[in-house]
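One-letter residues, chain by chain:
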2 protein chains.
Amino acid sequence: MDNKEINLIEEAYIALPKGFKANGVVAGLKSNAANVNPDLEKSLVLDVALVESDVPATVAGVYTSNLVKGHSLTRSIKKIDMGGKMRAMIVNSKNANAAVGKVGEEDAEEVAKAVASKLGCSSDEVLTASTGVIGTRLPSEKIIAKVPELVDGLTNEAKTSHYAEYAMMTTDTVPKEVAARITLQNGQEITIAGMAKGSGMIHPNLATMIGIFTTDADIDKDILQNSLKKAVAHTFNRVSVDGDTSVCDMVVIMANGASGAKIDKDSEDLQIFEEALESLAYDIARMLAADGEGATKFVEIEVNGAKDADDAKLIVTAVARSPLCKTAFFGMDANCGRILTAVGYSGAQFDPEKVDISLSGLEVYKDGVALPFDEDEALERLKRDEIYVSITLHEGDAYDRMFTCDFSYDYVKINGSYRT
Amino acid sequence: MDNKEINLIEEAYIALPKGFKANGVVAGLKSNAANVNPDLEKSLVLDVALVESDVPATVAGVYTSNLVKGHSLTRSIKKIDMGGKMRAMIVNSKNANAAVGKVGEEDAEEVAKAVASKLGCSSDEVLTASTGVIGTRLPSEKIIAKVPELVDGLTNEAKTSHYAEYAMMTTDTVPKEVAARITLQNGQEITIAGMAKGSGMIHPNLATMIGIFTTDADIDKDILQNSLKKAVAHTFNRVSVDGDTSVCDMVVIMANGASGAKIDKDSEDLQIFEEALESLAYDIARMLAADGEGATKFVEIEVNGAKDADDAKLIVTAVARSPLCKTAFFGMDANCGRILTAVGYSGAQFDPEKVDISLSGLEVYKDGVALPFDEDEALERLKRDEIYVSITLHEGDAYDRMFTCDFSYDYVKINGSYRT
């Protein structure tokens, strides 16, 4: 992912690319939220975010694979599929606007209309996203009442842009914002920024996860869609917090061309752009896993030498989902038999007598047999904030990787009372 | 499951059928066990169980689907596949005898030899089972040293028979024993008894679960195998505690014919026998779920109207595995959107706008839309020890059901430090 043409920006925010603005306001949706980290003063109250482009932007999106889809999401998919460009995306937290019937899509449309009216565009140019509790009607009037304040406050400054990120957060404890600047072959500069929310109900094919990228590059929709799809495949789609794939998840990218730099199909510039986008998606994916609900540790599971890509994915998914492995990570217990067990029931085909496993660099299984290892050394490695599990099957060349976290008391606490 | 010919026996134990004896002894494997319920004085120390038949018994077994299999299990599968009858089954807790290489099967064989020598039979007539930590060599010498005491103490009394059950337990908090007496068409009486252990690492296709049934009926091996397979299909194979399928699991039935009653193929007696066996398996399966690690509630998930059996299984599996649903059950939070979400990502095909969900009899979703319900009424039902989730899809006639439990702080506690 290192590339001299890609410069990561330290203070990242969504409105960094030219022609974008953002804001976050308090609509009073979160007032009863019990599980928001009190350290994050802003996240306690901000609940509606807006990202806007001065000119209509080309948009691409990827969505949850869940058969049940939230109404704000369903509406956005339709709008994007219509093929037109977009001026803005409004996101609310605390309420998923899902499973409430026809009225859900109407509520989303009303919210979009209010934004469109204030911005002076068509509601077809406004995307909607909601995240939070399922099955409760969206208090759209509360959101609509705040739209003027939301739009009037739009700036391209860091501070208000951070408000947008805070407003998306539900049980997240840290904001997740990234940005990079790229110099193209002809010397032109473009910027890509991204922000995401998501902490629980996270599993590949998105999750209770909303990701928004902005860029001032000028890219055709088909190319942009393909770039986004590639960027999320092994990043956003390789994060598992609890194995639950939610109904509201989407990652969207808005490209408004404000930099004046056009990125063409099959160009070297496109390659650089895609590398940068995937690199940012990779960073955010790791942030999402590390901030998994109740997480005390970031855990990366990788497999080498699987028979094929399907088997590789089965293996990393099984280990990343296993409550027994995840509680052992929490307990800093080198209970590697549980990892072997998960590999065994993953559904992948392999010879159990050829499996090697290492835990943060310490070999614990060789040829399917447990190795004697120094417990103190193991504990030392498990005490670190990041744990790396590497599984080698010697069956083929396939590799895959998944980002997850441990399962703690706090996961149970957060999710035993999230709704109330 | 009600049948006038089947009489459940209140004080059940494995040695109830004629010609069976059992015992449990202390071999010192459990001395460091931190997570055994201190209320169960016996389970603190007993760690090796033996079930014996005076005459060689016909045996059938079903085993874990995990690609990785423990050595004691692998050995037992081989012995059963050889087709001969069996005199005894020895089970140890605390050590799974898994993933230690060739020496694992040799250790199991040495243990079986010691039992065979003391019983005066071939080691081919002795089954072995181990449950506990994976990747540590079985301390077979400790077990072998106790074999004389184990065999000498064999009786058909309740007390020593209960010892056998206690000796199998790892993180189980209650013993799980069942028995029934059946009167056949000709007036002859047979008895079936069963016992099981299993608490965590439990998921369909067995788990860290060992089940043993005994019966004094005389049944051919093929019939017995078929009866066992049918009995476990929707009972043992529908228990999920944490979605982890372990490497040591087996359910075995020993039929020694000591009652003198022969059960023939396609007979009415076989039907009664199978009903009784499934009824006992059903009871034990529920006990296993209710005693899931850290469980505070038994949860039964059922689906009606699924397109086909595969879809029905996908649905109940997804809900039973969902950490978000299970923590909500723990928190007694009627967060039914999580149930709908799990149904949605299960992989089953259905129309989200036709889904009905009820929670312990309370309708919460109708046609995919959340119904307003009385929160107090919901809490009242969620406070009960047993929670019933019923999902109706209106897509076809398929039904399935799964037994699970909630996810509590104690699950994390037990599994964060199980090994040490």
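Residues numbered from 1 in each chain as written. Chains lettered and ligands numbered in written order. Predicted model: local features only at pLDDT ≥ 70, side-chain atom pairs only at ≥ 80, totals over all residues. Heavy atoms only, no water.

(A) Structural context of the sheet that holds strand β16 (residues 386-392) of chain B. Residues and elements named next belong to chain B. Ordered by their spatial adjacency, six strands build an open sheet running β15-β14-β13-β16-β12-β17, and the pairing between neighbours is mixed. Strand pairing shows two members of the sheet lacking a second neighbour, β15 (369-370) and β17 (398-405), which therefore form its edges. Strand direction decides the pairing type here: strand β12 (residues 298-306) and β17, joined by seven bridges, are antiparallel. If you follow V303 over to β17, its bridge partner there is D400. (Pairing = 2+ DSSP bridges. Helix = DSSP H or I, 4+ residues; strand = E, 2+ residues; numbered from the N terminus.)

(B) Highlighting helix α5 (residues 221-233) of chain A. Residue and element names in this part refer to chain A. Between the first and last C-alpha of α5 there are 18 Å, a value that for 13 residues agrees with the 18 Å anticipated at 1.5 Å per step. I223, L224, S227, L228, A231 and V232 are the residues of α5 that are buried. Taken end-on, α5 shows its buried residues confined to a sector of 155 degrees, consistent with a single buried face. Opposite the buried face of α5, by more than 90 degrees, sit the exposed residues D222 and K229. (Expected span 1.5 Å × (residues − 1). Buried < 20%, exposed > 50% of the residue type's maximum accessible area, 1.4 Å probe, protein only. Arc of directions from axis to C-beta.)

(C) Spatial organisation of the relation of the copies chain B and chain A. Screw-axis analysis of chain B against chain A gives a translation of 0.0 Å along the axis, an RMSD of 0.0 Å, and a rotation angle of 180 degrees. The superposition operator between the copies reduces to a two-fold rotation axis. If distances are taken from each C-alpha of chain B to the rotation axis, the shortest is found for B:Y409, at 2.6 Å. Of the residues that chain B buries at the interface, 100% are likewise interface residues in chain A, meaning the two copies contact each other through the same surface. (Least-squares fit on C-alpha atoms with pLDDT ≥ 70 in both. Contact = heavy atoms within 4.5 Å.)

(D) How the structure looks around the pattern of salt bridges. All names here are of chain B. Enumeration according to the criterion identifies 42 salt bridges over all chains in this entry. D124 serves as the salt-bridge partner of K79, at 2.7 Å between the closest nitrogen and oxygen. Within this pair, whereas K79 is found in helix α1 (residues 71-81), its partner D124 is found in the loop between α2 (102-119) and β5 (126-130), the two being separated by 45 residues in sequence. We classify K79 as buried; its relative accessible area is 11%. Judged by relative accessible area, D124 falls into the partly exposed class, the value being 30%. The shortest N-O distance in the salt bridge between D172 and K176 comes to 2.6 Å. In this structure K176 comes out as buried when scored by relative accessible area, which is 0%. (Salt bridge = Lys/Arg side-chain N within 4 Å of Asp/Glu carboxyl O.)

(E) Molecular detail of the pairing of strand β2 (residues 20-25) of chain B. Residue and element names in this part refer to chain B. With five of its six residues buried, β2 lies for the most part within the structure. Across six bridges, the pairing between β2 and strand β3 (residues 48-63) is antiparallel. For N23, the partnering residue across the bridge sits in β3 and is L50.

(F) A look at the sheet that holds strand β15 (residues 369-370) of chain A. As summarised here, the arrangement of the six strands in space is β15-β14-β13-β16-β12-β17 (chain A), forming an open sheet in which the pairing is mixed. Each having just a single partner strand, β15 and β17 (398-405) of chain A make up the two edges of the open sheet.

(G) Expanded view of the interface of chain B and chain A. With 55 residues of chain B in contact, the opposing surface of chain A contributes 55 residues. Taken together, both faces of the contact between chain B and chain A bury some 4400 Å²; the carbon and sulfur share is 60%. The interface formed by chain B and chain A includes zero salt bridges. Viewed at the interface, chain A and chain B are joined by eight residue pairs in polar contact (both at pLDDT 80 or more). For the side of chain B that touches chain A, a count of residues per class yields 26 nonpolar, 20 polar and nine charged. (Buried area = accessible area lost by both parts, 1.4 Å probe. Polar contact = N/O pair within 3.5 Å; in protein donor to acceptor, adjacent residues only side chain to side chain. Nonpolar A, V, L, I, M, F, W, Y, C, P; charged D, E, K, R; others polar.)

(H) Representation of the pairing of β12(B). Residues and elements named next belong to chain B. Counting buried positions along β12 yields seven of nine residues, so the element is predominantly enclosed. Where β12 and β16 come together, seven bridges link them in parallel fashion. Within β16, the residue paired with E302 across the bridge is S390.

(I) A look at the confidence of the model for chain A. Residue and element names in this part refer to chain A. Taken as a whole, chain A shows an average pLDDT of 89; of its residues, 91% reach a score of 70 or greater. Within the model, the stretch residues 32-40 combines pLDDT values under 50 with 18 contacts to residues more than four positions away or in other chains. Scored as a whole, the predicted complex attains pTM 0.82, and scored at its interfaces, ipTM 0.76. (pLDDT = per-residue confidence, 0-100.)

(J) Examining the environment of A:N156 more closely. Residue and element names in this part refer to chain A. Mapped onto the elements of the fold, N156 is located in the loop between α3 (140-152) and α4 (158-168). Remark: the alpha-carbon pair of N156 and I14, spanning 142 residues in sequence, is separated by 8.5 Å. Here N156 is in contact with Y13, A15, F20 and K21, once residues within four sequence places are set aside.

(K) Main features of the packing of aromatic side chains. Scanning the model with the defined rule gives nine aromatic pairs over all chains in all. Seen in terms of ring centroids, B:F298 and B:Y388 are 6.5 Å apart; in terms of plane orientation they differ by 65 degrees. Their pairing is edge-to-face. Here the residue B:F298 occupies a position in strand β12, and B:Y388 occupies one in strand β16, the gap between them amounting to 90 residues. You can call B:F298 buried: its relative accessible area is 4%. Classification of B:Y388 by relative accessible area gives partly exposed; the value is 33%. These aromatic residues form a ring-pair network of at least three members: A:Y282, A:F298, A:Y388 and A:F403. (Phe/Tyr/Trp six-rings, centres within 6.5 Å; stacked < 30°, edge-to-face > 60°.)

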